[in-house]
Number of protein chains: 2
Amino acid sequence: MAGEEFRSGLRRRLAVARGDEPADLVLKGGRVASVFTGELLEADVAVSGQHVAGLGPGYEGRETFDARGLTILPGCLEGHMHLESTKLMPDQFARAVLPHGTTTVVIDPHEIANVFGLDGVRALLATAEGVPIDIFVMVSSCVPASEFESSGATVTAEEIAGFLREEPRALGIAEMMNYPAVAAGDEDSLAKIEAARAGKGPPHIDGHSPGLTGRDLNAYLAAGVRSDHECTTYEEVLEKRRLGMWIMIREGSAARNLEALIPLVLQHGPRNTMVCTDDMEPDDLLAEGHIDAVMRKAVRLGCPPHDALVMGTLFPARYHRLHEYGAVAPGYLADIVAVPDLEDFRPAAVWKRGRLVASHGEAVGDIRGPAAPDWMRGSVRVPELSAADFAVRANGRVRVIGVESGQIVTRVLMDEPPRRDGGALADPARDLAKIAVVERHRGTGRMGVGFVRGFGLQRGALASTYAHDAHNVVVVGVDDADMATTVNRLAETGGGQVAVSAGSVVGEVPCPIGGLLSDRPVEEVASAVAHMHEAVRDLGGTLQSPFMAMSFLALSVIPELKITDRGLVDTVRFELVPLEV
Amino acid sequence: MAGEEFRSGLRRRLAVARGDEPADLVLKGGRVASVFTGELLEADVAVSGQHVAGLGPGYEGRETFDARGLTILPGCLEGHMHLESTKLMPDQFARAVLPHGTTTVVIDPHEIANVFGLDGVRALLATAEGVPIDIFVMVSSCVPASEFESSGATVTAEEIAGFLREEPRALGIAEMMNYPAVAAGDEDSLAKIEAARAGKGPPHIDGHSPGLTGRDLNAYLAAGVRSDHECTTYEEVLEKRRLGMWIMIREGSAARNLEALIPLVLQHGPRNTMVCTDDMEPDDLLAEGHIDAVMRKAVRLGCPPHDALVMGTLFPARYHRLHEYGAVAPGYLADIVAVPDLEDFRPAAVWKRGRLVASHGEAVGDIRGPAAPDWMRGSVRVPELSAADFAVRANGRVRVIGVESGQIVTRVLMDEPPRRDGGALADPARDLAKIAVVERHRGTGRMGVGFVRGFGLQRGALASTYAHDAHNVVVVGVDDADMATTVNRLAETGGGQVAVSAGSVVGEVPCPIGGLLSDRPVEEVASAVAHMHEAVRDLGGTLQSPFMAMSFLALSVIPELKITDRGLVDTVRFELVPLEV
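Bear in mind that the values here come from a model prediction, so they are computed numbers and not experimental data.

Parameters at a glance
- Every chain's residues receive numbers from 1 upward, in the order its sequence appears when written.
- The order in which chains are written sets their letters, starting at A; the order in which ligands are written sets their numbers, starting at 1.
- Predicted model: local features are reported for residues with pLDDT of at least 70 only, side-chain atom pairs are reported and counted for 80 or more only, and whole-chain, interface and lining totals are derived from all residues.
- Side-chain measures here rest on the full set of heavy atoms in the structure, leaving out hydrogens and waters.
- Least-squares superposition of the copies uses the C-alpha atoms of those residues scoring a pLDDT of at least 70 in each of them.
- For this analysis, residues touch if any pair of their heavy atoms sits within 4.5 Å.
- A pair of strands is labelled paired if DSSP reports no fewer than 2 bridges between them.
- Comment: elements are numbered from the N terminus, with helices defined as DSSP H or I runs of at least four residues and strands as E runs of at least two.
- Exposed residues in this analysis have more than 50% of their type's maximum accessible area, buried residues have under 20%, and partly exposed residues fall in between, with area computed by a 1.4 Å probe over protein chains only.
- Here the buried area means the combined drop in accessible surface, using a 1.4 Å probe, for two parts upon being joined, counting both sides.
- The working definition used for a salt bridge is a side-chain nitrogen of Lys or Arg within 4 Å of a carboxyl oxygen of Asp or Glu.
- In this analysis, a patch consists of residues with relative accessible area above 30% that form no salt bridge, clustered at 9 Å for like charges and at 5 Å for the nonpolar side chains Val, Leu, Ile, Met, Phe, Trp and Tyr.
- Only the protein chains shown count as cover for residues, and the accessible areas themselves come from Shrake-Rupley with a 1.4 Å probe.
- Here, the term disulfide refers to a pair of cysteine sulfur atoms separated by no more than 2.5 Å.
- A 3.5 Å cut-off defines polar contacts: any pair of N or O atoms within that distance qualifies, except that in protein one atom must be a possible hydrogen donor and the other a possible acceptor, and neighbouring residues in sequence count only when both atoms are side-chain atoms.

Caption draft 1: The relation of the copies chain B and chain A, seen in detail. Expressed as a screw transformation, the operator carrying chain B onto chain A has a rotation angle of 180° and an axial translation of 0.0 Å, and the superposed copies differ by an RMSD of 0.0 Å. The transformation relating the two chain copies, once decomposed into turn and shift, fits a two-fold axis. Interface residue correspondence from chain B to chain A reaches 100%, placing this contact among same-surface, isologous pairings.

Caption draft 2: Fine view of the sheet that holds strand β15 (residues 273-276) of chain A. All names here are of chain A. Judged by pairing direction, the sheet is parallel, and its three strands sit side by side in the order β13-β14-β15 without closing on themselves. Two strands close off the open sheet at either side, each with one partner strand: β13 (227-228) and β15. Inspection of the sheet shows strand β14 (residues 246-250) paired to β15 by four bridges, in the parallel sense. Paired with Ile-249 across the bridge in β15 is Val-275.

Caption draft 3: The arrangement of helix α8 (residues 214-222) of chain B in detail. For α8 of chain B, the set of buried residues is Leu-217, Asn-218, Ala-219, Tyr-220, Leu-221 and Ala-222 of chain B. Buried residues along α8 of chain B sit against α1 (3-18) and β5 (51-56) of chain A together with β11 (170-176), α6 (179-184), β12 (205-207) and α9 (234-242) of chain B. One or two steps after α8 of chain B, the chain reaches Gly-224 of chain B, where phi turns positive at roughly 110°.

Caption draft 4: Representation of the interface of chain B and chain A. On the side of chain A, 63 residues touch chain B, which itself brings 63 residues to the contact. For the pair chain B and chain A, the two sides together bury roughly 5,600 Å², of which 52% comes from carbon and sulfur. Looking only at chain B, the three residues that lose the most surface to chain A are Arg-215, Arg-242 and Arg-271 of chain B, adding up to 13% of its buried area. For the pair chain B and chain A, the number of links is eight salt bridges. Secondary structure elements with two or more residues in the side of chain B that touches chain A: α1 (3-18), β5 (51-56), α6, α7 (187-195), α8, α9 and α14 (314-319) of chain B. Of all the elements, α1 of chain B adds the most residues to the side of chain B that touches chain A, at nine residues.

Caption draft 5: Examining the pattern of salt bridges more closely. Tallied over the entire structure, the rule returns 88 salt bridges over all chains. Residue Lys-352 of chain A pairs with Asp-134 of chain A through a salt bridge whose shortest N-O separation is 2.7 Å. Remark: Asp-134 of chain A occurs in strand β10 (residues 134-139) and Lys-352 of chain A occurs in strand β17 (residues 349-352); sequence separation between them is 218 residues. Taking relative accessible area as the criterion, Lys-352 of chain A reaches 3% and is therefore assigned buried. The shortest N-O distance in the salt bridge between Lys-240 of chain B and Asp-228 of chain B comes to 3.2 Å. Here the residue Lys-240 of chain B occupies a position in helix α9, and Asp-228 of chain B occupies one in strand β13 (residues 227-228), the gap between them amounting to twelve residues. This pair shows no difference in class: Lys-240 of chain B is buried, exactly as Asp-228 of chain B is. Among the charged side chains, a salt-bridge network with shared partners connects Glu-4, Arg-7 and Arg-11 of chain A together with Glu-187 and Glu-194 of chain B.

Caption draft 6: A nonpolar patch on the surface, seen in detail. Residues and elements named next belong to chain A. Together, Val-412, Met-414 and Val-581 line one region of the surface with nonpolar side chains, adding up to about 240 Å² of accessible area. Within the fold, Val-581 resides in the segment after β32 (575-577). Judged by relative accessible area, which is 59%, Val-581 ranks as exposed.

Caption draft 7: Main features of the state of the cysteines. Within this structure, the stated rule accounts for zero disulfides over all chains. With no disulfide of its own, Cys-276 of chain A lies 10 Å from the sulfur of Cys-231 of chain A, the closest cysteine sulfur. Judged by relative accessible area, which is 0%, Cys-276 of chain A ranks as buried. Take Cys-303 of chain B: it sits in no disulfide, and the sulfur closest to it among the cysteines is that of Cys-76 of chain B, at 13 Å. Taking the relative accessible area as the measure of exposure, Cys-303 of chain B reaches 2% and is therefore buried.

Caption draft 8: A look at the side chain of Asp-292 of chain A. Residues and elements named next belong to chain A. As for its position among the elements, Asp-292 is in helix α12 (residues 291-300). Asp-292 sits in the buried class, given a relative accessible area of 0%. Within the structure, the side chain of Asp-292 is placed 3.0 Å from the side chain of His-100, a separation counted as a polar contact. Beyond its immediate chain neighbours, meaning those up to four positions away, Asp-292 contacts Cys-76, His-100, Asp-344, Phe-345 and Pro-347.

Caption draft 9: Layout of the environment of Leu-576 of chain B. Residues and elements named next belong to chain B. With respect to the helices and strands, Leu-576 occurs in strand β32 (residues 575-577). Along the sequence, Leu-576 and Ala-260 sit 316 residues apart, while their C-alpha atoms lie 32 Å from each other. Residues in contact with Leu-576, not counting those within four places in the same chain, are Phe-148, Arg-566, Gly-567, Leu-568 and Val-569.

Here it is in structure tokens:
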């Protein structure tokens, strides 16, 4: 903001605070939750421009909101998420989460970065222009995620440093997922740690270290990493917080850790702790909510409401050094939520930077950002496939990826698939499906094929170009021909997700922007997702979020066994392993 | 730090954390206080270079410290103080506070800035070069403190912005003392608020707002001010914290607010709260301690030790955005204190950036910084004075500054002084002394003379060039000739503090550096101060810290009645008032 604009806004804000000029908006008669003392204060809230000017009795404004019977909270701040999992462009994402009280998000645009590099991130940010939600960026640090993945782009330490220097919305560097490499002092990882020094103030580095413990955890922290959203047990989360990590308790569509981790907060308070969603399906966003849903569930699990509140507001703001965010207090941004019930957190009204943006569950006004540029379309490049491409030669026992509902870690299972004509087959009767990953950025046709258990599929196949982290095509099926049809369909639509049975598309969500994002309204996307999920259940699918589960099966930095276009990866020992034992 | 140096330090730190290389130092067998969970952890602490590399069992190092029976704490961080009140150069200050566990201080070099401007601040920082303590600066924002004061320098908004841009140790802008002007939207104050945007990251602005409440407090906060160290009552401190201020509970040599304010922490926990000293006499530092003494007293007043601990370590670090400070954890600076007793906080050993700097109450090694440049000497410019210069014409009732022990606010009293030859006189029998302020930067000889109650002086006079904020000569006495002698002596020594009785110097602390800082070792300075205090008691003085009390009597931004070289100032209405009622 230019000097004179800043100064005149400040001048007016002070006049409003003093009561010398009417506020732009006054929320009257409510109780304000102080995130600083954990109290409820009887106070009006006076807003001037984009900021809260004053709290106290008797403020008058050009506009008044009757807050009697309501509790006034700061807008929620999401400390770690991948926008791409919602499949929504920023404007549609805002339409989805503003009614739930989320007014600021810190994203790791990791999926777009894997497809298009940091130019894709810049283009994505440009589509958020004018959308009434603040989107900050932690710069994707691990593109590609590992040497086993074939991404569409590579992001170097120099590019990260440049992005941090130039982009005002860049706060630091995103989850350092290759935690073994960081702990081991791998030079490329150290170069990225060093790149974080190019940011504003001291390095700000998100972590990602499932199960990391003891000396390796110490080494990871010694490198300057300061957060983790991958804890799954109380023991793990306690060790990490003791050592100074900011704990992001994740409760998303696929990975749900709140119940396991809430004892940390019950026993040691909320210090250094926040909630996040990491990855959310659009239909879950509409049906369940966002950060409000996680806070609500925390309260149901015994967390004091004020502790839940700070974990969704002030503490993520503090962690990310967003000093004007996370509180309803003079000098803070007027990101405000009014709720009828402090234990429920469902907003009656939401303001972003002083502007009413949602009311009783609906976004207010025409929220629309610029369209994505054309070069972000048509990014799924695969040769036409047929059933034969999914044939597997295997004579005995094979490694099988074991998937569990609600977990992104997998287990290594062993099984002996049935055979026909020398080829190993899927076997729906014992929940044994095939899984394949097809390189799609450069049209090489390279693919890895293996087996997976846990989807419950009885017929057909599912495929997606949303597949961490390289976002190649991942396909799971019990019918080789249907598997081929899914991939061919994605090439046609420019990517997204699709379910096929007996040669026909039975459900799909086209995501033509990089194969990751839809260009449709949130309601349409959510409905397509819901319909597709139903179609998958009709095929016998038993997972709650089959596509999100699938999207993690190509991610080579999460234990124990994953698959990429290069084959099966033992992600504990970080090496490719053969299908047959 | 250059790239390659950073990288090689990081590489080695990780190797130490992993246990692949021996640490430089291991503290073995102690219990580490986690400021993140409030627990005591059985863990060795491995140090690599200037950082903590790892916490855990079995670390080995080139050097080992036997920490059995000891609790390991982070070094204390002083969040707000004026170094000048200690009269010590940085190296001697370090020698005084390192044995008490203070390893980092954030100073407002306000006194030096009032005498020499920001060039003085740069020169002061240069004398800290190589001294094993981290000194950060909040740039003095109010020089002069008000239009009623005649300082040696003026610091403009442009200079503040320049300093913030250029000086890596500058964190933000220091206490905005003219809080009425800020709240009122005075343009010069707004210009300084705007200058804070030149810093690293979002504006970081310390406050100073004794008794400020309601809408004016809201306006002050709306301007972006985020801390206060001037609270004196529970009601005040609660209102301020509710509104988002970081509370600095002050417990210094003159102003002691801990007992009144600790209920805030007992009732609402330590969030947004820290302890600070603001101003400390050197003898108090040696005898009582520093931040450790405040934490100790907090525990005596019922504060849980872990709450006291975070208020002296992690929380001031967080407030000041010093993200590598305030914890003993991997990746944090190895600023470490080992104490036998967690409720007492008296260190057995202290390390700064991994180096042993104090042991059992004594500084270790030769701690010495560069000398101050010659231009900082000889700054007391006053004409030779005589008794006649202190004569007061007054025929009836006069305003009297009422001083109370342990408070820097004063009361407006009224009295009718005795008269002789048409002049109003001091009257020791009813504790009525004269007070004068003599301009000393430009040799104008301008002086204001008035009356003060509360010192208890029966004979002689005291004078000091350490007088907030303009640091002119302030002199209190019951004998006009002795008053003249004190001022003439200070001109001779280059400034400092002096007590005179019957024409002779009975105690003094020369401070030739700007009239503010001694060039002598801390023990010598403390002993001179103690001797001088004794001399003052011999003169009948009853205040515990008469010179510190005196130093606030010329400060025109603290209620209610003060005096400058321009005369009496009503600091509530911010205007000059006549002596006679």
